[in-house]
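For reference, the chains in residue letters:
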There are 2 protein chains.
Amino acid sequence: MREVAIVGAKTTEFGELWEKSLRDIVVEAGVGAIEDAGISGEDIDMMYVGNMSGGKFIEQEHLGALIADYSGLAKGLNVPSTRVEAACASGGLALRQAIQAVASGYSNVAIAAGAEKMTDIDGSGVTDALAAAADREWEGIQGATFPGIYAMIAKLHMAQYGTTSEQLAAVAVKNHENGMNNPIAQFKSKLTIEQVLKSIMVSDPLHILDCSPVSDGAAAVIVVPADEAHKYTDTPIYIKASAQASDTIALHDRRDITTLDASVAAGKRAYEMAGLTPKDINFVEVHDCFTIAEICAIEDLGFFEKGKGGPASLAGETALNAKISVNPSGGLKSTGHPVGATGVKQAVEAVHQLRGEAGKRQVNGAKYGMTHNVGGSGATAVVHIFSNER
Amino acid sequence: MREVAIVGAKTTEFGELWEKSLRDIVVEAGVGAIEDAGISGEDIDMMYVGNMSGGKFIEQEHLGALIADYSGLAKGLNVPSTRVEAACASGGLALRQAIQAVASGYSNVAIAAGAEKMTDIDGSGVTDALAAAADREWEGIQGATFPGIYAMIAKLHMAQYGTTSEQLAAVAVKNHENGMNNPIAQFKSKLTIEQVLKSIMVSDPLHILDCSPVSDGAAAVIVVPADEAHKYTDTPIYIKASAQASDTIALHDRRDITTLDASVAAGKRAYEMAGLTPKDINFVEVHDCFTIAEICAIEDLGFFEKGKGGPASLAGETALNAKISVNPSGGLKSTGHPVGATGVKQAVEAVHQLRGEAGKRQVNGAKYGMTHNVGGSGATAVVHIFSNER
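Residues numbered from 1 in each chain as written. Chains lettered and ligands numbered in written order. Predicted model: local features only at pLDDT ≥ 70, side-chain atom pairs only at ≥ 80, totals over all residues. Heavy atoms only, no water.

Draft legend 1. Representation of the nonpolar core within the structure. In terms of nonpolar packing, the biggest core is built from 70 residues, with Val221 of chain A together with Val221 of chain B touching the most fellow members. Residues contacting Val221 of chain A, with those up to four places away along its chain left out, are Ile6, Gly8, Ala9, Ala33, Leu95, Ala110, Ile111, Ala112, Val344, Ala347 and Val348 of chain A. If you look at the next biggest cluster of nonpolar residues, it comprises 68 residues, including Ile25, Ile153, Val171 and Cys211 of chain B. (Core = buried A, V, L, I, M, F, W, Y, C linked by side-chain atoms within 4.5 Å. Buried < 20%, exposed > 50% of the residue type's maximum accessible area, 1.4 Å probe, protein only. Contact = heavy atoms within 4.5 Å.)

See below:
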């Protein structure tokens with residue numbers, strides 16, 4: 001297996017990008033990553049795009065070819081381009097396919113992009129499209145939407161471990177604190193625990209400020225063989241692990257809904273592949289689609305004991321340059337969550353952190369960073385570990 | 001790059017499977033492939049599923065995890081599972097990702113499945129869902145649907161090369177002839193040129209019997225390293241080439257709409273990878289979504305000169321055991337076209353042919369077989385070459 005490195009990375013601004021289409025933003029991110037790598041588009045020999053639901057959001061499937069076309073790599077060059085989908089984990093899996101393509105020798109310069117344009121349909125349409133990530137026959141048809149599904153996880157987490165609404169709110173407050181220093185963030189506003197607790201209840205115990213927003217955005221990275229990375233850049237970021245796991249798609253079939261077994265399994269596989277433990281990781285971008293999801297994630301990935309994620313969050317142990325820097329980018333909560341883009345955006349943040357380019361949100365002396373991208377309520381989890389040392 | 005082989009293969013019956021859901025048929029195909037390989041489900045360490053539009057056809061995305069779950073490989077085993085989409089080429093790309101996963105060393109036993117359940121919504125819904133494979137902003141919104149798009153290709157092919165309606169009809173007649181001997185075929189009926197020409201016109205010059213049908217179905221293959229293939233079977237089928245190419249998604253941007261440049265490029269890459277020429281290929285499963293598509297394909301893949309595909313088809317040169325056996329399975333026209341399943345079903349047919357298990361539709365002495373799977377009007381093409389000799 002060839003080792004693999006990232007030599008270019010870029011995200012668009014995340015937010016309600018009314019004036020731009022999906023094609024605009026994914027080309028913007030792709031061209032940005034290409035420029036960051038100092039290559040030309042013609043150097044690319046394989047493309048992957050993570051996208052959850054172009055069919056429902058913009059009435060467009062076949063996004064691999066569409067994006068190859070609109071980035072000028074289809075006609076004449078005929079660059080292979082493939083869409084990958086696993087709901088909100090689509091971006092992480094696009095990166096993983098690009099890694100495998102390069103590791104296998106099928107590609108020497110691959111681009112992995114993630115993109116979603118969610119604001120072209122109304123809110124109920126978005127809720128319905130997102131519900132297609134859960135089990136339609138056992139959950140969606142019964143009226144279960146994602147705030148409701150994660151609220152059930154939160155309720156049981158509270159009952160089993162004493163997790164409180166203040167602890168949940170602390171996650172949102174910390175992520176906004178980090179996101180204020182991220183130029184691409186959808187919400188750059190400071191938040192207080194009181195504001196979160198006073199915001200309208202979406203699904204008890206989750207207030208609206210416990211939820212990530214509906215967003216447009218795109219991100220892209222350039223993946224090459226590690227042996228050739230220094231041809232492109234002085235600061236390649238090496239892939240130390242790429243791991244993925246599945247779990248039941250419906251919540252009711254789980255062993256214990258407060259633990260996402262797919263996160264646990266993907267995390268263990270990633271640590272094993274990299275030969276590392278949670279103690280070695282300097283920062284982690286976790287999938288905080290709701291505040292409770294961040295608490296589950298930092299427990300499931302081994303950074304805190306089960307049930308201790310809430311108190312640790314309230315105590316500031318997950319803040320920038322505290323015990324473990326969790327979501328230095330601002331996470332899904334503050335930067336926004338264009339679902340197919342999120343997994344690639346996490347990788348872009350890892351690249352910026354490990355290059356030391358993260359400005360006011362820089363994790364000091366970062367050597368190992370992890371990303372954790374989840375589909376649905378945890379039926380898919382994908383975990384990557386990155387390092388600036390080979 | 002590790003060499004790769006197929007050791008198990010199965011398709012469900014194709015047709016209007018009213019009594020079965022997508023989960024039923026994909027599990028049926030998967031279990032069939034597992035049994036054919038003589039392995040247990042627990043041996044599988046990676047899953048891919050090709051599916052075009054679960055979101056539009058059955059309101060369900062996140063099909064990788066869903067299928068891992070319903071096949072018993074999610075809970076406890078946490079087998080990674082990823083959906084791949086490129087419209088009607090989704091199945092071929094699922095196979096390609098499984099090949100790359102095994103070639104890279106990320107997987108030792110991968111399953112590639114393809115599945116689509118198209119009959120749960122009405123005909124106009126199907127047409128709309130399929131139109132999402134074309135350029136929505138330049139084609140779909142203008143009312144262009146796939147029969148219309150391929151009719152334009154046929155019209156120009158007729159004008160440039162003198163291709164006739166009889167020649168188009170001969171493709172359908174030959175494919176039904178083969179499909180009559182395929183137990184999984186949706187249409188096992190004999191057809192005459194006169195019947196095709198007298199059938200209702202869908203989009204001039206394409207009659208309804210020039211069109212592949214709306215279908216349900218699933219298919220699966222088991223992919224392992226070639227070095228280990230004899231552990232599983234005495235008749236492994238080796239992957240000699242896996243190649244993919246993109247072209248503009250909209251027809252109006254093409255160099256020449258009678259040539260699918262993505263097919264040409266994917267074919268050339270496949271021949272080069274395998275060290276073979278069209279003369280070496282004993283049979284080819286091409287993407288005959290419409291009869292004109294088969295004529296373009298056999299030209300674009302180098303079996304006939306440009307413009308000679310029509311006369312060759314009418315002269316019987318593409319019949320079973322003639323000059324080149326084209327679509328011995330019966331193709332999309334006779335076996336049906338559950339869009340995400342087709343690319344994997346083509347691979348299953350290649351396996352059966354190369355094992356000498358194809359019964360009355362057996363290609364005599366088959367040593368090299370090719371599959372050709374197209375997305376949209378040719379924005380994606382994926383070509384594989386298989387052999388029973390390493």
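So, next bit.
Draft legend 2. Representation of the interface of chain B and chain A within the structure. Across the contact, 71 residues belong to chain B and 71 residues belong to chain A. Of the roughly 5,200 Å² buried between chain B and chain A, counting both surfaces, carbon and sulfur atoms make up 46%. Here chain B and chain A share 10 salt bridges between them. Ionic pairing is found between Glu137 of chain A and Arg23 of chain B, a salt bridge with its closest N-O pair at 3.7 Å. Counting only elements with at least two residues in the side of chain B that touches chain A, the list comes to β2 (46–50), α2 (54–57), α3 (63–70), β3 (81–85), α4 (90–104), β8 (237–246) and α9 (261–274) of chain B. If you tally residues by element for the side of chain B that touches chain A, the top one is α4 of chain B, at 8 residues. By residue class, the composition of the side of chain B that touches chain A is 33 nonpolar, 19 polar and 19 charged. (Buried area = accessible area lost by both parts, 1.4 Å probe. Salt bridge = Lys/Arg side-chain N within 4 Å of Asp/Glu carboxyl O. Helix = DSSP H or I, 4+ residues; strand = E, 2+ residues; numbered from the N terminus. Nonpolar A, V, L, I, M, F, W, Y, C, P; charged D, E, K, R; others polar.)

Draft legend 3. Just the packing of helix α1 (residues 22–37) of chain A against helix α3 (residues 63–70) of chain A, in detail. Residues and elements named next belong to chain A. At their nearest, the axes of α1 and α3 sit 10 Å apart, and the two run at 65 degrees to each other. Classified by the interaxial angle, the pair formed by α1 and α3 is roughly perpendicular. Like other packed secondary-structure pairs, α1 and α3 cross with a definite hand, here right-handed. Taking contact as the criterion, the partners of Leu22, Arg23, Val26 and Val27 in α1 are, on α3, Leu63, Leu66, Ile67 and Tyr70. Of the residues contributing to the contact of α1 with α3, the split by class is 7 nonpolar, no polar and 1 charged. (Axes fitted to C-alpha atoms, helices over the stretch in contact; angles between N-to-C directions. Parallel < 35°, antiparallel > 145°, perpendicular 65-115°, else oblique. Left-handed = near helix turned anticlockwise from the far one by under 90°.)

Draft legend 4. Region of interest: the domain arrangement of chain A. Residue and element names in this part refer to chain A. Segmentation of chain A into domains returns domain 1 (4–123 + 215–231) and domain 2 (142–211 + 240–387). Relative to domain 2, the C-alpha centre of domain 1 lies at a distance of 23 Å. Taken together, the 40 residues of domain 1 in the interface contact 30 residues of domain 2. Here domain 1 meets domain 2 over a buried area of about 2,400 Å², counting both sides, of which 66% is carbon and sulfur. A per-residue breakdown of the area domain 1 buries against domain 2 is headed by Phe14, Cys88 and Arg96, which together make up 28% of the total. Taken together, the connections running from domain 1 to domain 2 amount to 1 salt bridge. (Domains from an automatic or database assignment.)

Draft legend 5. The UniProt feature "domain: Thiolase C-terminal" (unreviewed entry) in chain A, seen in detail. When the UniProt feature table is mapped onto this chain numbering, "domain: Thiolase C-terminal" (unreviewed entry) sits at residues 243–388 of chain A. As annotated, residues 243–388 of chain A comprises 34% helix and 17% strand, and the C-alpha atoms at either end are separated by 19 Å. (UniProt positions renumbered as here; feature names shortened; annotations may be inferred.)

Draft legend 6. Structural detail: the layout of surface pockets. Residues and elements named next belong to chain B. One number sums up the size of the largest pocket: a volume of about 690 Å³. Forming the boundary of the largest pocket are 32 residues, of which Leu130, Cys211, Ser212, Pro213 and Val214 lie nearest the centre. Mapped by element, the contributors of at least two residues to the lining of the largest pocket are α5 (123–131) and α6 (146–161). The dominant element in the lining of the largest pocket, judged by the number of residues it contributes, is α5, at 5 residues. Split by residue class, the lining of the largest pocket holds 20 nonpolar, 9 polar and 3 charged. (1 Å grid on protein atoms, 1.4 Å probe; cavity = no way out; pocket = protein on both sides within 12 Å on 5 of 7 lines; lining within 4 Å. Points joined across faces, edges and corners; volume = space filled by probe spheres on them.)

Draft legend 7. Broad picture of the UniProt feature "domain: Thiolase N-terminal" (unreviewed entry) in chain A. Those places that UniProt annotates as "domain: Thiolase N-terminal" (unreviewed entry) correspond, in this numbering, to residues 4–226 of chain A. This span, residues 4–226 of chain A, is 40% helix and 18% strand, and a straight line between its end C-alpha atoms measures 4 Å.

Draft legend 8. Region of interest: the pairing of strand β11 (residues 368–375) of chain B. Residues and elements named next belong to chain B. Most of β11 is tucked away, with 8 of its 8 residues classed as buried. Of the two faces of β11, the one carrying Tyr368, Met370, His372 and Val374 and the one carrying Gly369, Thr371, Asn373 and Gly375 are both buried. Sheet analysis places strand β9 (residues 283–285) next to β11, joined by 3 bridges and oriented parallel. If you follow Phe283 over to β11, its bridge partner there is Gly369. Pairing geometry for β11 and strand β12 (residues 380–387), over 8 bridges, is antiparallel. Among the inter-strand pairings, Asn373 is bridged to a residue of β12, identified as Val382. With antiparallel pairing between neighbouring strands as the criterion, β11 and β12 make up a hairpin whose turn holds 4 residues, including Gly376 at a positive phi of roughly 65 degrees. (Pairing = 2+ DSSP bridges.)

Draft legend 9. Seen up close, helix α13 (residues 342–355) of chain A. Helix length check: α13 of chain A, at 14 residues, gives a terminal C-alpha distance of 20 Å against a target of 20 Å (1.5 Å per residue), a fit within 8%. Of all 14 residues in α13 of chain A, 14 are buried; the element is thus mostly enclosed. (Expected span 1.5 Å × (residues − 1).)

Draft legend 10. Fine view of the relation of the copies chain B and chain A. Mapping chain B onto chain A is achieved by rotating through 180 degrees and translating by 0.0 Å along the same axis, at an RMSD of 0.0 Å. Both chain copies can therefore be described as sitting about a two-fold axis. Considering only C-alpha atoms, the residue of chain B closest to the rotation axis is Ser104 of chain B, which sits at 1.8 Å. (Least-squares fit on C-alpha atoms with pLDDT ≥ 70 in both.)

Draft legend 11. Structural view of unusual backbone geometry. With an omega dihedral of 10 degrees, the bond running from Asp204 of chain A to Pro205 of chain A counts as a cis peptide bond. Within the secondary structure, Pro205 of chain A sits in the loop between β5 (201–203) and β6 (206–207). One non-glycine residue, Glu59 of chain B, lies in positive phi territory at about 60 degrees. Checked against the element boundaries, Glu59 of chain B lands in the loop between α2 and α3. The phi dihedral of His62 of chain B is positive, around 60 degrees, even though this residue is not glycine. By the secondary structure assignment, His62 of chain B is in the loop between α2 and α3.

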